[in-house]
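Read off the chains here:
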Amino acid sequence: MSDAATTPPDQQPPLLVMRGICKSFGAVHACRDIGLRVGQGDILGLLGENGAGKTTLMNILFGTYAADAGTIEIAGRPAEIRTSADALALGIGMVHQHFHLVPKHSVMENLLVGRPGRSGKLNERTVIERLDELRRDFHLDLNPRALVSSLSIGEQQRIEIAKALIRGARLLVLDEPTATLTPREAQGLFRALRAMAARGLGVIFISHKLGEVLELTNRVTIMRHGQVVAERMNDGLLGKVELARLMCGRELSPPEKPFLAPGADLLRLEQVSTAAGQVNLRDISLAIRAGEIVGIAGVSGNGQRELADLVGGVLPASTGQLSVGGAIVREASARLMQNLRIGRVPEDRLAVGMISSLSLADSMVLPWIERAPFSRRGVIDRAAIRRFAARQIKDFDIRTSGPEARTGTLSGGNLQKALLARELAMDPILLVAAQPTRGIDIGASEFVHRQLLDLRARGGGVLLISEDLEELFALSDRIAVMYDGRLMADLPIAEASVERIGLLMAGIEDGSSALARQPAHVER
Amino acid sequence: MIRLRLERRESTPAWLQIALPILAVLAALILCSFLVSLAGAPVLGAYGELFLSTFQTPYDVQDTLVKASPLLWTGLAVAVAFRAKFWNIGAEGQLMAGAMAAGYIGERTFLPGVTLIPLMIIGAALAGAAWAVIPALLKVKLKVDDVVTTLLFNSIMLYGVMALLEGPWKDPKTGYPNSPVIETAAQFPILAGDTLHLGVLISFIVALLVWWLMDRTTLGFSIKAVGANARAAAYAGFSVNRVLITAALISGGLAGLAGAGEVAGVRYQVTSDLSSGYGYAGIVIATLADLNPLGVIPAALFFAIIMNGADAMSRDTGVPVYLANVIQGVALLTMVAGRLFTLYRLRITRQVAHG
C-alpha cells in the first residue's frame, strides 16, 4: 500500500516506515509490496490469519530474513537490518510468543545477558536504575533478585519487555503477547503499553483477539495472503465484524447450535479427587451426556489441565469413580481411554499432542499406530499411513507441504486442525478439547468450532475447557467453573451470565459472599 | 553484496541424508591433511595408502569385512539405544559380557557340538542385554543418569574380565591370562578365504533386520516416538518405561553379539584386549549414520578401512597409526556440525545495497 508511506502529518519523523517489502519462499509470496508505518505514540494492531505474512514481515524487520525488495526507514533514515543486532542497535525490540529466558537464573542475570543494544554498557547498577525508571514510567514492576522459574507467565513477559527497553528500544513488537496471559495480566500489559505510547514509543501489537486489538490500539493494519488489505484508524467506529471480514476475506457466520435433547451419560465423574498433578482436583462430580457440550471456565492453573489429563487417562484418580458409557473405569490409562473412544486434544499441541521432529503423517497416527490399517501384527503399512494423512490434510484443509513435512514446521492453527483430524478420525463418543482455539486465527477457530458442533450433532459429547468466555458461551450447553481444583457450579447456559461466571472464576460463589473470600489463584 | 542465511527446512531431502556423511568425512579428511603434512608425508600419498591398501588383495578385503563386523554390531546397538534417548555409552562392556558368555558356552564339552554355535549366539545376546538392562532399570526406576552408569559399567566389566582371566578362568594349558580355547565345533565356519567367518554374514543380515525393525514395525515406531518426545508418546498411550527397557535390551543384545563374533569367529578365546574400543567406535559410527541402521553399514565399513589402512599408511609413509583415530574423532565433529543442514538450508542472496 503506497499511502502508508506518504509524509506523516506530525513534525517528528515516524519511528518506522516500511515500503514495498517483498519476500518469497520458493513459489510462495509471503509478503508482496507491504507498506507499514508506526509513528511516535502509535500502538499499531497488526492483524491477519496464520500465513498472512505478519511473522515474515516482523522477521524482516528484526533481521531474521532478508527482504527480496523494499526499504525500511527508522526515524526518517534509511536502515539496513541484517541481523537482530542491527535491529537492536536501531531501537527495535521484539517480544516473542515464546520467551527466551534462562529459567534457573535471576531476573537480573537474564537482563544482563546478550548484546547491550543502544544502551552502551550494561551492569547491575545501570540495570537497577533503569528498572526503577521502568517501574515509574510504565508500571513494569520486576524484582531483579527473583528466579525466572518462580515467576508467572505475565512476569516473565515483563522481563522480555524490560530487556528490550533497557537496551534502548523505541519500537516494541509483541507477537501474540496475550495468548498465555490471564485477563488480569493482559490488563497490566495494556496499561504498560499505553504508558509507553504516551511517552512517544511505538508498539506493534500482533494478535488474533479482535476485542483486545480494538481496546488497545489506535490504528490497525490488516494483512491477507501476504498483502496489506486494509488500514483503519481505530476511531470507535471500527467493529469486530468488519475486522473479521477483512482478515478472512469473507463474512463469518456465528456457528449455529440447534437445540438437542441430551441423551445418555457418556462420561460421569463422581466425587473424583487426584493427588499427582500440580493442582489437586477435589471432589469433582460432572456428567456429560450425548449431544452435549459442557464448557469448563476458569483462570488457568485452577485444575483444568488436571481435569483433561484425568479424563484422558494420564492422571490417576486417587478417590472417586469415573465411568464411561455407564461402565466403571477402574485402571484408567491413555490406551484404555482411547479404546473407550474418548478423543483427546491437549492444550499443549506440540509438547504433548504431537511430536515436532516426526513427520506430520507419523504424528497423525501416533496414538493409532497399533491399529489396522496402520499396522498388522506389529508391522507398519507406510502406504496406509500416508493415505490416511493425505486424506485428513485435504478434508481438514491443513496447510502444509505434505504428509512428510516435519510436524514442528506447521503453524498453530494447522497443528490444531491436524490434532483434531487425528482424534476425530477414530469416531470418538466424547472429545476432551483443552484450549482448542488458543493462539489460532479466526478462520481456524471457526473451523474448530464447527467440528465440535458437528460432533455434538452426531450425538457425541464434548468437554470444552477454555479461558475464552466468548467461545464457551457460543458453544456450551452447560458451563461449569473450576476454581482451586473444585467445580464451583454447573449451570445450564440459559442461567449463566458472564458476570456470574466471572465471579465464580474468582472463587466467589455468589454475590452476597463476595467480600468474604479473596481470589487466591488469579495471578497464577 | 552476498549474504548467507540459514532458513528452516520443512523436511529433509533424501539425497542430503546420503550426501551429508560423505561430505562430513571429506571435510574431516581435509582438516586432518594438516596433520599428515605435519608428519612430513605427502597428503595424497598417505590418504592413498589409508584407503587403497585395504583393497589390494582379496585378503585385504576379507580383513576389512571381518574388522567391520564388530563395528557394525556396536554401531547398530548405539543407533537403537540413542533413538530411544537411552544414552548407551556401554556397548564396550556389553560386548565383553557377550564375549564371556560365548567363550564360556564354547568350551562346554558336555554339550552336543551342533548346539554350541546357536547357544553361543543366544547366550551372548542375552548376556549383553542383561548388562545393558541394569543401567536402563536404574534410569527408569531411580532416575540414575544413564550416561554415567553405562560408561562405568564398561570398567566394571573390563576389570571383572581381567580378574577372571588372571585367576579362575586362566587358560591352564598356556598360563596366559586368556580363557581356554573354545571347542572346534564352537568356532564359526569360515565362509570364504581364510578369515571371513559366519558372524560377518550374520552381522550384515542383522543390520537389514534392524532397519526393518526400526522403520517398519510398531516397536521401532514406539522407540522413535519415545526418544523424540517421551511426554507426547506417553500421552499417545505408549508405555515409556517399557519402550526404554526394550530398546536397552535390543541394544545390549546387539553389542553382545559383537562379542560372540570376536570369540567364535576371530580369537577363539576371551582375551582382555578383545574389543580395542569397538564399543566407543560404535557411538561415532551410529552418529555418522544419523542413527539409521542402513547408514551404519557404510559407516562401519569406512571405519574398518581406515583402521586397517592405518597400519599400511604408517609403514609406507611414516604417518603414525593414530591418524585413523583422529579422523574418526574429527568426522564425528563434522557430522554433528553438518546435521544443522538437515534442519536448515543455507540461502545465498545477492543484494544491491539499499536496493
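On a predicted model such as this, the values are computed, not experimentally measured, just so you know.

So, how was this worked out
Residues numbered from 1 in each chain as written. Chains lettered and ligands numbered in written order. Predicted model: local features only at pLDDT ≥ 70, side-chain atom pairs only at ≥ 80, totals over all residues. Helix = DSSP H or I, 4+ residues; strand = E, 2+ residues; numbered from the N terminus. Rg over C-alpha atoms; globule rule 2.2 N^0.38 Å. Buried ≥ 20, exposed ≤ 12 C-beta atoms within 10 Å, placed from the backbone. Contact = placed C-beta atoms within 7 Å. Nonpolar A, V, L, I, M, F, W, Y, C, P; charged D, E, K, R; others polar. Axes fitted to C-alpha atoms, helices over the stretch in contact; angles between N-to-C directions. Parallel < 35°, antiparallel > 145°, perpendicular 65-115°, else oblique. Left-handed = near helix turned anticlockwise from the far one by under 90°. Core = buried A, V, L, I, M, F, W, Y, C linked by C-beta atoms within 7 Å. Pairing = 2+ DSSP bridges. Domains from an automatic or database assignment. pLDDT = per-residue confidence, 0-100. Expected span 1.5 Å × (residues − 1).

This part is about the overall build of chain B. What chain B contains, in helices and strands, is 14 helices and four strands. Expected size for 355 residues packed as a compact globule is a radius of gyration near 20 Å; at 22 Å, chain B falls within 12% of this value. Projected onto the principal axes, the alpha-carbon positions of chain B cover approximately 85 × 60 × 35 Å. Burial statistics for chain B: of 355 residues in total, 49% are counted as buried. Put simply, 80% of the contacts in chain B that link residues at least 6 apart link residues at least 24 apart.

Okay, the overall build of chain A next. Tallying secondary structure elements over chain A gives 17 helices and 22 strands in all. Relative to the 2.2 N^0.38 estimate, which gives 24 Å for 524 residues, the radius of gyration of chain A is 24 Å and therefore close to what a compact globule would have. Viewed in the frame of its principal axes, chain A has a C-alpha envelope of about 70 × 60 × 45 Å. By the burial criterion, 46% of the 524 residues in chain A qualify as buried. Counting only contacts in chain A whose residues sit at least 6 apart along the sequence, the fraction spanning at least 24 positions is 69%.

Another aspect to go through is the interface of chain B and chain A. In this assembly, 22 residues from chain B lie in contact with 29 residues from chain A. Classifying every residue of the side of chain B that touches chain A gives eight nonpolar, eight polar and six charged.

A few words on the packing of helix α5 (residues 113-142) of chain B against helix α10 (residues 240-267) of chain B. Residues and elements named next belong to chain B. Interhelical geometry of α5 versus α10 gives an angle of 140° and a closest axis separation of 6 Å. Classified by the angle their axes make, α5 and α10 are oblique. Viewed along their axes, α5 and α10 form a crossing whose handedness is right-handed. Taken together, the residues that form the contact of α5 with α10 break down as 21 nonpolar, seven polar and no charged.

Take the nonpolar core next. Core analysis: the biggest nonpolar cluster contains 191 residues, and Leu464 of chain A together with Val80, Ile285 and Val296 of chain B have the highest contact counts within it. Setting aside anything within four residues of it in sequence, one finds Ile285 of chain B in contact with Leu71, Gly75, Val296, Ala299, Ala300 and Phe303 of chain B.

In the segment running from Ala372 of chain A into Pro373 of chain A, the intervening peptide bond is cis, with an omega of 5°. Checked against the element boundaries, Pro373 of chain A lands in the loop between α12 (360-364) and β17 (375-376). Of note, the phi angle at Lys85 of chain B is positive, near 55°, even though the residue is not glycine. Position of Lys85 of chain B among the secondary structure elements: in the loop between α3 (58-83) and α4 (91-106). For Lys85 of chain B, a count of 15 C-beta atoms within 10 Å gives the class partly exposed.

Bringing the sheet that holds strand β1 (residues 16-25) of chain A into the picture now. Residues and elements named next belong to chain A. Reading across from one edge, β2-β1-β4-β5 is the order of the four strands in this open sheet, with antiparallel pairing throughout. The open sheet is flanked by β2 (28-38) and β5 (77-79), the only strands paired with a single partner. Averaged over all pairs of adjacent strands, the angle between strand axes in this sheet comes to 30°, irrespective of strand direction. In this structure, β1 lies alongside β2, joined through seven bridges in antiparallel fashion. Counterpart to Lys23 in the pairing with β2 is Cys31.

Turning our attention to the domain arrangement of chain A. All names here are of chain A. What the domain assignment reports for chain A is domain 1 (41-67 + 82-248) and domain 2 (265-341 + 428-513). For domain 1 and domain 2, the distance between their C-alpha centres works out to 33 Å. Counting from both sides, the interface comprises nine residues of domain 1 and, opposite them, nine residues of domain 2. A per-class count over the side of domain 1 that touches domain 2 returns four nonpolar, three polar and two charged.

Once that is clear, we can look at the environment of Val270 of chain B. In this structure, Val270 of chain B sits in the loop between α10 and α11 (278-288). Judged by the 29 C-beta atoms lying within 10 Å of it, Val270 of chain B falls in the buried class.

On to the packing of helix α14 (residues 412-425) of chain A against helix α15 (residues 442-457) of chain A. All names here are of chain A. Closest axis-to-axis distance for the α14/α15 pair is 10 Å, and the angle between their directions is 15°. In terms of axis orientation, α14 runs roughly parallel to α15. Considering only the axes of α14 and α15, their crossing is left-handed. Residues Gly413, Gln416, Lys417, Leu420 and Leu424 of α14 form the contact with α15, whose participating residues are Ala444, Phe447, Val448 and Gln451. Along the lines of polarity and charge, the residues of the contact of α14 with α15 split into five nonpolar, three polar and one charged.

What follows concerns the sheet that holds strand β19 (residues 430-434) of chain A. Hydrogen bonds along the backbone pair up the strands of a sheet, which may run parallel or antiparallel. Residues and elements named next belong to chain A. Spatial ordering of the open sheet is given by β16-β19-β20-β13-β21-β22, a layout of six strands whose pairing is mixed. Both edges of this open sheet fall to β16 (342-345) and β22 (486-492), since each of them pairs with a single strand only. Put simply, the sheet's adjacent strands are angled 15° from each other on average, direction ignored. Note that β19 and strand β20 (residues 461-465) share five bridges and pair parallel. The residue bridging Ala434 from the neighbouring strand is Ile465, located in β20. α15 contacts β13 (293-297), β19 and β20 of the sheet and is inclined by roughly 145° relative to β20. Across the sheet, helix α17 (residues 498-505) is in contact with β13, β21 (478-483) and β22; its angle to β21 comes to roughly 25°.

The next subject is the pairing of strand β11 (residues 265-274) of chain A. Residue and element names in this part refer to chain A. Note: β11 against strand β12 (residues 284-289), five bridges, orientation antiparallel. Paired with Val272 across the bridge in β12 is Ile284. Here β11 runs beside strand β14 (residues 317-324); their pairing, made up of six bridges, is antiparallel. Note on β14: the bridge partner recorded for Ser273 is Thr319.

We now examine the pairing of β22 of chain A. Alignment of β21 of chain A against β22 of chain A, held across six bridges, turns out to be antiparallel. Bridging across to β22 of chain A, Met482 of chain A finds its partner in Leu487 of chain A.

Per-residue confidence for chain B gives a mean pLDDT of 91; residues scoring 70 or more make up 97%. Note on the complex model: pTM 0.78, ipTM 0.86.

In low-pLDDT segments, the atomic positions of the prediction should not be examined closely. Residues and elements named next belong to chain A. On average, chain A scores 87 in pLDDT, and the residues at 70 or more come to 94%. For residues 1-8, every residue scores under 50 in pLDDT, and the model assigns this stretch 14 contacts once sequence neighbours within four places are set aside. Across residues 511-524 the pLDDT falls below 50, and counting only partners more than four positions away or on other chains, this stretch makes 23 contacts in the model.

It is worth spelling out α4 of chain B at this point. If you check α4 of chain B, its first and last C-alpha atoms are 22 Å apart, about what 16 residues at 1.5 Å a residue would give, namely 22 Å. Counted residue by residue, α4 of chain B has 16 buried out of 16 residues, so it is predominantly covered.

Residues and elements named next belong to chain B. Note on placement: Val78 falls in helix α3. According to the C-beta neighbour criterion, Val78 is buried, with 31 such atoms within 10 Å. Between the alpha carbons of Val78 and Ile285 there is a distance of 8.6 Å; along the sequence they are 207 residues apart. Non-local contacts of Val78, meaning those with residues more than four positions away in its chain, are made with Asn88, Ala91, Gly282, Ile283 and Ala286.

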